Amino acid sequence: MQKKNYEQIKQEFHQRQTYQIIAIAIALFVVMLCAVMYKRPGVLGEYSKASLFSVQIATIAVFLIFTAYNWRCPVCSKSLGADINKRGCKKCKTRLR
Ligand SMILES: [Zn+2]
């Protein structure tokens, strides 16, 4: 890995963090929307439980794939784990913010 300066690392981490928060918000919204549509059919049209469930599974799958791609250390590219407010990378010990 070639050296990036600390400002670049911080900036890249911040961008990844922003994308991650947006992805979580969208995923939660879609999953909850499906739950609401199931509980209250007729609000936004009627859908079968199976199709709403498929949408939820697909959303979670896309979210996980996106996370695997996005939520990585800008320096060593290792996954950053479940903590959205990571202070540093566990693998390469780089400070991220
Ligand atoms: Zn790292």
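Small disclaimer: the values here were computed from a predicted structure and weren't measured.

Peer 1: Would you explain the overall build of the protein chain in this entry?
Peer 2: Scanning the protein chain from terminus to terminus reveals 2 helices and 0 strands. Relative to the 2.2 N^0.38 estimate, which gives 13 Å for 97 residues, the radius of gyration of the protein chain is 18 Å and therefore markedly larger than a compact globule would have. Along the first, second and third principal axes, the C-alpha set of the protein chain runs to 55 × 15 × 15 Å. For the protein chain, the residues scored as buried account for 23% of the 97 residues in total. Partitioning the contacts of the protein chain with sequence separation of at least 6, the portion at a separation of at least 24 is 52%. Of the charged side chains in the protein chain, 16 are positive and 4 negative, and the gap between their average positions amounts to 8 Å.

Peer 1: So what exactly am I meant to see when it comes to helix H1 (residues 6-39) here?
Peer 2: Residues separated by three or four positions in an α-helix point in the same direction, a consequence of the helix having 3.6 residues per turn. With 34 residues, H1 should reach 50 Å at 1.5 Å per residue; the first-to-last C-alpha distance of 49 Å fits that figure. Every buried residue of H1 is accounted for by Ile9, Phe13, Arg16, Gln17, Gln20, Ala23, Ala27, Cys34 and Met37. On its buried face, H1 is in contact with helix H2 (49-70). For H1, the capping residue at the N-terminal end is Asn5, with a side-chain oxygen 3.0 Å from the backbone nitrogen of Glu7.

Peer 1: Could you clarify how one ought to interpret the coordination of the zinc ion in this entry?
Peer 2: Expected angles at a metal are 109.5 degrees for tetrahedral coordination by four donors and either 90 or 180 degrees for octahedral coordination by six donors. Protein-derived ligands of the zinc ion are Cys73 (SG), Cys76 (SG), Cys89 (SG) and Cys92 (SG), with the metal-ligand distances lying across 2.2 to 2.3 Å. Considering all 4 donor atoms around the zinc ion, angles at the metal cover 107 to 113 degrees and the coordination shape is tetrahedral. Every donor residue of the zinc ion comes from the same chain, spaced as C-x2-C-x12-C-x2-C.

Peer 1: Before we go on, may I ask you to explain the nonpolar core in this structure?
Peer 2: Grouped burial of nonpolar side chains is what soluble globular proteins tend to show. If you look at the biggest cluster of nonpolar residues, it comprises 7 residues: Ile9, Phe13, Trp71, Cys73, Leu80, Cys89 and Leu96. With near-sequence residues (within four places) excluded, Phe13 lies in contact with Trp71, Pro74, Leu80, Lys86, Leu96 and Arg97.

Peer 1: Would you take a moment to explain unusual backbone geometry for this structure?
Peer 2: Most peptide bonds take the trans configuration, and most residues that are not glycine carry a negative phi. In this model, Ser77 sits at a positive phi of 65 degrees, which is unusual for a non-glycine residue. Overall, the relative accessible area of 35% leaves Ser77 in the partly exposed class. At Lys93, a residue that is not glycine, the phi angle is positive and equals roughly 65 degrees. On the secondary structure map, Lys93 appears in the segment after H2.

Analysis parameters
- Residues numbered from 1 in each chain as written.
- Predicted model: local features only at pLDDT ≥ 70, side-chain atom pairs only at ≥ 80, totals over all residues.
- Heavy atoms only, no water.
- Helix = DSSP H or I, 4+ residues; strand = E, 2+ residues; numbered from the N terminus.
- Rg over C-alpha atoms; globule rule 2.2 N^0.38 Å.
- Buried < 20%, exposed > 50% of the residue type's maximum accessible area, 1.4 Å probe, protein only.
- Contact = heavy atoms within 4.5 Å.
- Lys, Arg positive; Asp, Glu negative; His and termini not counted.
- Charge placed at Lys NZ, Arg CZ, Asp CG, Glu CD.
- Expected span 1.5 Å × (residues − 1).
- Polar contact = N/O pair within 3.5 Å; in protein donor to acceptor, adjacent residues only side chain to side chain.
- Donors = N, O, S within 2.8 Å, 3.2 Å for Na, K, Ca; no water.
- Tetrahedral: all angles 85-135°; square planar, octahedral: opposite > 155°, others 65-115°.
- Core = buried A, V, L, I, M, F, W, Y, C linked by side-chain atoms within 4.5 Å.

Nothing here speaks to function; it is geometry throughout.
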